[in-house]
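Topology and contacts: notes
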Amino acid sequence: MSKLNASDIQGFAIRGYNMPYARYCFLRFTGAEGARALLAKLLPLVTTGQLWDKKPQTTLNLAFTFRGFVALELPLATLISFPVEFQLGMKSRAGILGDTGENAPEHWESPWQEGEVHVWLAINAMNPEDLEAEFQTVQSLLESTGGALLLGVQDASALPKDGKFTTQEHFGYTDGFGNPDYLGVCRKTQPGQGKLSADGKTWVPLATGELLLGYADEAGELPVAPVPHLLAANGTFMVYRKLRQRVGTFRAFLNHWAARYGEGDSFAKEKLASKFVGRWRDGTPVELSPDRMDQSIVQDPNRSTNFQYAKDDLAGTKCPLGAHIRRANPRDAFGFEGRLIHRRRISRRGLPYGPPAPPEDTSEGQDTEALDATDRGIAFMALNASLARQFEFVQQQWISYGNDARLGNEKDLLMAHHEPGERYGIPGDGSPANPPLFCTALPNFVKLCGGDYFFIPSITALGMLAMNLVDPR
Amino acid sequence: MPSQSGSVYGLTLLCPIIDDNDAIPSHDLQIRYHLSTLSLGPDGPFATAPGTHLARLVVLDDVVYVGVPSCEEHLNSKYLVFESNCDGDRDTYLTGLARNIPDQLDAIWQHCIGYPGTKDLSAFLNYMKKCQLETTFFFAPVNDKSVTQTLSALQTQRAVAAFIATHQSCSAAYLQKDFKVFIDRCAHAPVPRPAGQSFHRQLKTGGRNE
């Protein structure tokens, strides 16, 4: 495996920047010529995957919807070569994604409702001032070239705690542990983040083609990609979803069931919260530490993601079968040393948006209605080589359904859209310290407000788009 | 033993479809059309007749050449493939089908060469026997229980889960009293009808039957 040319890959595609501020700008091209002029001006600002000598204050990255490529007037032979789910866009895939009820596209916010977003332009920054300055630069380029209109922006930022930025999300869970390792992409690998070897013990990186187009994937094949090869190679597909979190509903639900769980005290509440997700809210994986939070595990990269389910937790008495991290990445839970899941992995990016919720131990922090009324949540992004095979499969089969996890019709407690009559089961092991519980009357904790499917091209491909050089022949 | 997995029988039939240039639409298309109109719910033919865990009907036009290194081959005929995992032995099961859904069987198999119809039961059984292939793979979720036992077990499982959900942290005396009533109700609950979905799934798969 030769080393990837990181300077040709957009930095966002291969690493999380670990910057606390972000602004996602959603643009609509006004015409092909102006769009190309705009891209030419933006090109020098785009952050690549090259390693930094010194961390920059801001980054900038670009991705396009299929309609964006149509607006750029790419040749027909190129347009029709994109995977069908990307051509259709996320709105058209609502049925198979389970985006129904209040999550259905007719309830989405602007600009997603109109379906006219062509470009996702992301600025990440170390501080608000630099973010604003970079945004002003972008705005002046929009004005000077007239190449695109700004339809909307989504600001996001890491949540602070005790004066420091955290990796927590609004429900209080520490997030962002489990991104897969890919061959050639990662500088150093971490046990638990790639795939299991045939020995069932050693973790190795996934094939590069599970993330980037133009490389062999886990089947030894090249992922389905548009022509010409140069447009596709070093690119990846991205799903963007604005997920509003009902913090009041979550806290009320947790309190309600915690009072009926174990001793019904504050420890029971934290333990119950850990059973929803598979990690304690401080990030400790329950599989490794079912009875207490343990920062020594969280801080140790050799342990924080290094666990399996098949050996001694097939019944889910430590990590419930339906816990979020077990659903989204079942590891070896389905047997065959995890081989059934190697082609269903996704890389996740994203940051919380909206104001931090008041602390849980204040009266303000328990005001369900007021908490729910505030627009806060997560700007969720997932990257993969195939939207249909990876993101859509995980969303449909593992988040919105339970058969593979041997849970019949049960869904992910926090992420899925629930219907009346659904349950969330927590298996117990017969000891008073680890009792079983069925949670019923499941509310919808998360509301999908919109989003779409994007393609993140390589630096070369961005240049080809800007210079109108895309030629499928 | 081939075609048998515990108490479950695996029936695989390969029935040649009539090849008649004068038939418009062709017999294979007529079968396809008829199959597309069948109900998948409790009023479907294989839910009405007893003993079917899973049944699948497929019109097999030909084998498809997929490129080198395979060689190009073709079937001598178009076939109707019938696969079923069922209770009991072959003849009892087929007799049950012939008695309960004769018109449905005739509507499908009338397009197959040499099909005698269901009226003459022994001719019908002989025909099906002639078309039979050995079954070596079974539908994974079918275990060593009858259809009736499976339906009752699933009903009990759902009822127990619902009982637990509504009786968590009740006093022992109250729990015992209610549980006795519950067990009695479970024991006397009628067996649910086959193919009656317990839960409405909103997820779509993109198929034409949705």
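Every value quoted in this text rests on a predicted model; they were computed, and no experiment measured them.

**Describing the overall build of chain B**
- For chain B, the helix and strand inventory stands at seven helices and five strands.
- The helix and strand sequence of chain B, counted from the amino end, reads β-β-α-α-β-β-α-α-α-β-α-α.
- The C-alpha atoms of chain B give a radius of gyration of 22 Å, which is well past the 17 Å a tight globule of 210 residues would have.
- Oriented by its inertia axes, the alpha-carbon framework of chain B measures out at about 75 × 45 × 35 Å.
- Per-residue burial for chain B yields a buried fraction of 19% across its 210 residues.

**Considering the overall build of chain A**
- A tally of regular secondary structure across chain A gives 15 helices and 14 strands.
- Principal-axis analysis of the C-alpha atoms gives chain A an extent of 70 × 50 × 45 Å.
- When the 473 residues of chain A are sorted by exposure, 49% land in the buried category.
- Considering only contacts within chain A whose residues lie at least 6 apart along the sequence, 71% involve residues at least 24 apart.

**A look at helix α10 (residues 266–277) of chain A**
Residue and element names in this part refer to chain A.
- Compared with the 16 Å implied by 1.5 Å per residue over twelve residues, the 17 Å span of α10 between its first and last C-alpha is a close match.
- For α10, the complete set of buried residues consists of Lys269, Lys271, Leu272, Ser274, Lys275, Phe276 and Val277.
- Looking at the buried positions of α10, the neighbouring elements they touch are α9 (247–258), α12 (324–328) and β12 (424–426).
- Gly278 sits one or two positions beyond α10 and adopts a positive phi of about 100°.

**Things to note about the domain arrangement of chain A**
Residue and element names in this part refer to chain A.
- Looking at the assigned domains, one finds that chain A contains domain 1 (6–169 + 208–229 + 456–466) and domain 2 (242–348 + 355–450).
- Placing a centre on the C-alpha atoms of domain 1 and another on those of domain 2 gives a separation of 28 Å.
- Where the side of domain 1 that touches domain 2 is concerned, the elements lending two or more residues are α5 (84–88), α6 (94–97) and β4 (148–157).
- In terms of residue class, the side of domain 1 that touches domain 2 is made up of 17 nonpolar, seven polar and nine charged.

**Considering the domain arrangement of chain B**
Residue and element names in this part refer to chain B.
- Annotation of chain B at the domain level lists domain 1 (4–133) and domain 2 (145–210).
- Each of domain 1 and domain 2 has a C-alpha centre, and these two points are 33 Å apart.
- Contact residues are listed per partner, giving ten residues for domain 1 and seven residues for domain 2.
- The residue makeup of the side of domain 1 that touches domain 2, split by class, is three nonpolar, six polar and one charged.

**Let's talk about unusual backbone geometry**
Residues and elements named next belong to chain A.
- Cis geometry is found at the peptide bond from Val227 to Pro228, where omega equals 0°.
- Unlike most non-glycine residues, Asn234 shows phi in positive territory, near 65°.
- Counting through the fold element by element, Asn234 comes out in the loop between α8 (229–232) and β9 (236–245).

**Describing the packing of helix α2 (residues 32–42) of chain A against helix α7 (residues 128–145) of chain A**
Residues and elements named next belong to chain A.
- Interaxial distance between α2 and α7 falls to 9 Å at its minimum, and their mutual angle equals 145°. For the pair α2 and α7, the sense of crossing is right-handed. Residues Gly34, Ala37, Leu38, Lys41 and Leu42 of α2 touch α7, and the partners they reach there are Leu141, Leu142 and Thr145.
- Class assignment of the residues belonging to the contact of α2 with α7 gives a composition of five nonpolar, two polar and one charged.

**Thoughts on the interface of chain A and chain B**
- Contacts between chain A and chain B engage 13 residues on the former and twelve residues on the latter.
- Grouping the amino acids of the side of chain A that touches chain B by side-chain chemistry returns four nonpolar, seven polar and two charged.

**Some words on the nonpolar core**
- Grouped together as the largest cluster of nonpolar side chains are 122 residues, with contacts concentrated most on Trp120, Met238, Val239 and Phe454 of chain A.
- When residues of this core are assigned to domains, at least three fall in each of domain 1 (6–169 + 208–229 + 456–466) and domain 2 (242–348 + 355–450) of chain A.
- Discounting residues that sit within four places of it in the chain, Trp120 of chain A has contacts with Tyr24, Phe26, Ala63, Tyr240 and Phe454 of chain A.
- Core analysis: the second largest hydrophobic core is formed by 26 residues, Leu13, Ile17, Cys112 and Cys131 of chain B among them.

**What to know about helix α7 (residues 172–188) of chain B**
- Across its 17 residues, α7 of chain B extends 24 Å between first and last C-alpha, which sits within 8% of the 24 Å expected from 1.5 Å per residue.
- Little of α7 of chain B sits out of view: just zero of its 17 residues are buried.

**Observations concerning the confidence of the model for chain B**
Residue and element names in this part refer to chain B.
- Overall, the prediction assigns chain B a mean pLDDT of 92, with 96% of residues at 70 or greater.
- By mean pLDDT, the top-scoring element of chain B is helix α5 (residues 121–130) (98), and the lowest-scoring one is strand β1 (residues 4–5) (88).
- As scored by the predictor, the complex reaches a pTM of 0.91 and an ipTM of 0.76.

**Points about the packing of α9 of chain A against α10 of chain A**
Residues and elements named next belong to chain A.
- One way to put it is that α9 packs onto α10 with a least axis distance of 9 Å and a crossing angle of 115°. When the axes of α9 and α10 are compared, the crossing they make is right-handed. Touching Leu254, Asn255, Trp257 and Ala258 of α9 are Ala268, Lys269, Leu272 and Ala273, all from α10.
- Per-class residue counts for the contact of α9 with α10 are six nonpolar, one polar and one charged.

**Observations regarding the pairing of strand β10 (residues 347–353) of chain A**
All names here are of chain A.
- With seven of seven residues buried, β10 is to be regarded as a mostly interior element.
- Looking at chain direction, β10 and strand β11 (residues 377–384) are connected through seven bridges and run antiparallel. Paired with Leu351 across the two strands is Ala379, which belongs to β11.

**Some thoughts on the environment of Pro330 of chain A**
- Structurally, the position occupied by Pro330 of chain A is in the loop between α12 and β10.
- Between the C-alpha atoms of Pro330 of chain A and Leu141 of chain A, which are 189 residues apart in sequence, the distance is 45 Å.

**Brief notes about the environment of Leu206 of chain A**
Residues and elements named next belong to chain A.
- Mapped onto the fold, Leu206 is located in the loop between β8 (203–204) and α8.
- For the pair formed by Leu206 and Leu230, sequence separation is 24 residues and the distance between their alpha carbons is 23 Å.
- When near neighbours in sequence (up to four residues on either side) are disregarded, Leu206 contacts Pro180, Asp181, Tyr182, Gly194, Lys195, Glu218, His342 and Arg345.

Calculation criteria
- Residues numbered from 1 in each chain as written.
- Chains lettered and ligands numbered in written order.
- Predicted model: local features only at pLDDT ≥ 70, side-chain atom pairs only at ≥ 80, totals over all residues.
- Helix = DSSP H or I, 4+ residues; strand = E, 2+ residues; numbered from the N terminus.
- Rg over C-alpha atoms; globule rule 2.2 N^0.38 Å.
- Buried ≥ 20, exposed ≤ 12 C-beta atoms within 10 Å, placed from the backbone.
- Contact = placed C-beta atoms within 7 Å.
- Expected span 1.5 Å × (residues − 1).
- Domains from an automatic or database assignment.
- Nonpolar A, V, L, I, M, F, W, Y, C, P; charged D, E, K, R; others polar.
- Axes fitted to C-alpha atoms, helices over the stretch in contact; angles between N-to-C directions.
- Left-handed = near helix turned anticlockwise from the far one by under 90°.
- Core = buried A, V, L, I, M, F, W, Y, C linked by C-beta atoms within 7 Å.
- pLDDT = per-residue confidence, 0-100.
- Pairing = 2+ DSSP bridges.

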